[in-house]
Amino acid sequence: MTETNADVLVVGGGPAGLSAALFARKNGLETICFDTDGTWMHKAHLFNYLGVGSVDGSTFITAARSQVDSFGVERVDVEVTDVNEADDGFTVETDGGEYTGSYVVLATGANRDLAESLGCAFDGDIVDVDVTMETSVQNAYATGAMVRAEEWQAIISAGDGAAAALNILSKQKGEHYHDFDVPADADAVFGGMAGE
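A. Quick peek at the overall build of the protein chain. The secondary structure content of the protein chain amounts to 5 helices and 11 strands. Radius of gyration (C-alpha) of the protein chain: 16 Å, near the 16 Å computed for a compact globule of 196 residues. Looking at the protein chain as a whole, 44% of its 196 residues qualify as buried. Put simply, 56% of the contacts in the protein chain that link residues at least 6 apart link residues at least 24 apart. Per element, the accessible surface of the protein chain, about 9,900 Å² overall, is 48% carbon and sulfur. One finds the centroid of the 9 positive side-chain charges in the protein chain at a distance of 5 Å from the centroid of its 33 negative side-chain charges.

Laid out in structure tokens, this is it:
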């Protein structure tokens, strides 16, 4: 059984999980995303995602994964069986081994089993979070459909994932962190090919 360490462990590969993974890794945190391709996006078509006129859900997820991969997120196609608190963070258990990290982001859609086993507080049937998406378990975050009763939208889920990652970054850096890029940043990252 192998053990892998990261700063941030993201469980789920839909819009919320991929967004959290992108923001965390883009800003220097070692990030592992457990993505078994079980997202509901494969049944969706987006007309209401700001900045996107119309796109098939599977096409959107393929593009999102490519973007996340380009920033160096380690995406692992393995089912997460449990999440537990550890000495300095969390342990994610899978059939292929254990992964440890300082933070965990749960982005498993309407499946709230991992949040329940971790001991997160609930408000009725949904995971109770604050505005930063942090649960009652310190440094554990829940996003998307886990925290909303029947209000499931890709753009809202992506925003939840970004909020979780920005709060993690603020904690890591010891001050409010803002992920705001300018054209020069894009030129540095993409070698002048931004916007093409």
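Structure's up, so let's keep going.
B. A look at the pattern of salt bridges. A complete count under the given rule lists 8 salt bridges for this structure. The residue R75 makes a salt bridge to D69 at a minimum N-O spacing of 2.7 Å. Owing to a relative accessible area of 36%, D69 belongs among the partly exposed residues under this scheme. Across the pair D160 and R148 runs a salt bridge, and its minimum N-O distance is 2.7 Å. Remark: R148 occurs in the loop between β11 (140-142) and α4 (154-173) and D160 occurs in helix α4; sequence separation between them is 12 residues. Connected via shared salt-bridge partners are D35, D37, R65, D69 and R75.

C. Region of interest: a nonpolar patch on the surface. A cluster of nonpolar residues, L50, I155 and I156, forms a patch on the protein surface that exposes about 280 Å² of accessible area. Take L50: it is sitting in the loop between β3 (45-46) and β4 (55-56).

D. Focus on the pairing of strand β2 (residues 31-34). The alternating pattern of β2 places T31 and C33 and I32 and F34 on opposite faces, both of which are buried. Sheet topology places β2 next to strand β5 (residues 74-76); 3 bridges connect them, and they run parallel. Across the sheet, residue F34 finds its bridge partner in β5, namely V76.

E. Main features of the layout of surface pockets. Within this model, the largest pocket holds a volume of roughly 720 Å³. Residue lining of the largest pocket: 35 residues in total, with G38, T39, A107, T108 and G109 positioned closest to the centre. Broken down by secondary-structure element, the contributors of at least two residues to the lining of the largest pocket are α1 (15-26), α3 (113-118) and α4. Split by residue class, the lining of the largest pocket holds 16 nonpolar, 15 polar and 4 charged. Lining of the second largest pocket is provided by 22 residues; of these, L22, F23, K26, Q67 and F71 occupy positions nearest its centre. Within the residue set of the lining of the second largest pocket, elements represented by two or more residues are α1, α2 (57-70) and α5 (183-190). Partitioning the lining of the second largest pocket into residue classes produces 15 nonpolar, 3 polar and 4 charged.

F. Layout of the environment of A6. Relative to the helices and strands, A6 resides in strand β1 (residues 2-11). In the structure, A6 is positioned 156 residues away from A162 in sequence and 18 Å away in space, judged by C-alpha atoms. Apart from residues lying up to four places away in sequence, A6 is in contact with E30, I32, T100, G101 and S102.

G. How the structure looks around the nonpolar core. The biggest cluster of nonpolar side chains holds 53 residues, and the ones touching the most others in it are F34, V83, V92, V104, L106 and L118. The dominant element in this core, judged by the number of residues it contributes, is α4, at 6 residues. Those residues in contact with V92, other than ones at most four positions away along the chain, are L9, V11, F34, V80, D82, V83, G97, E98, Y99 and V104.

About the cut-offs
Residues numbered from 1 in each chain as written. Predicted model: local features only at pLDDT ≥ 70, side-chain atom pairs only at ≥ 80, totals over all residues. Heavy atoms only, no water. Helix = DSSP H or I, 4+ residues; strand = E, 2+ residues; numbered from the N terminus. Rg over C-alpha atoms; globule rule 2.2 N^0.38 Å. Buried < 20%, exposed > 50% of the residue type's maximum accessible area, 1.4 Å probe, protein only. Contact = heavy atoms within 4.5 Å. Areas by Shrake-Rupley, 256 points an atom, 1.4 Å probe, with all protein chains shown as cover. Lys, Arg positive; Asp, Glu negative; His and termini not counted. Charge placed at Lys NZ, Arg CZ, Asp CG, Glu CD. Salt bridge = Lys/Arg side-chain N within 4 Å of Asp/Glu carboxyl O. Patch = residues over 30% accessible without salt bridge, like charges linked within 9 Å, V, L, I, M, F, W, Y side chains within 5 Å. Pairing = 2+ DSSP bridges. 1 Å grid on protein atoms, 1.4 Å probe; cavity = no way out; pocket = protein on both sides within 12 Å on 5 of 7 lines; lining within 4 Å. Points joined across faces, edges and corners; volume = space filled by probe spheres on them. Nonpolar A, V, L, I, M, F, W, Y, C, P; charged D, E, K, R; others polar. Core = buried A, V, L, I, M, F, W, Y, C linked by side-chain atoms within 4.5 Å.

Nothing here speaks to function; it is geometry throughout.
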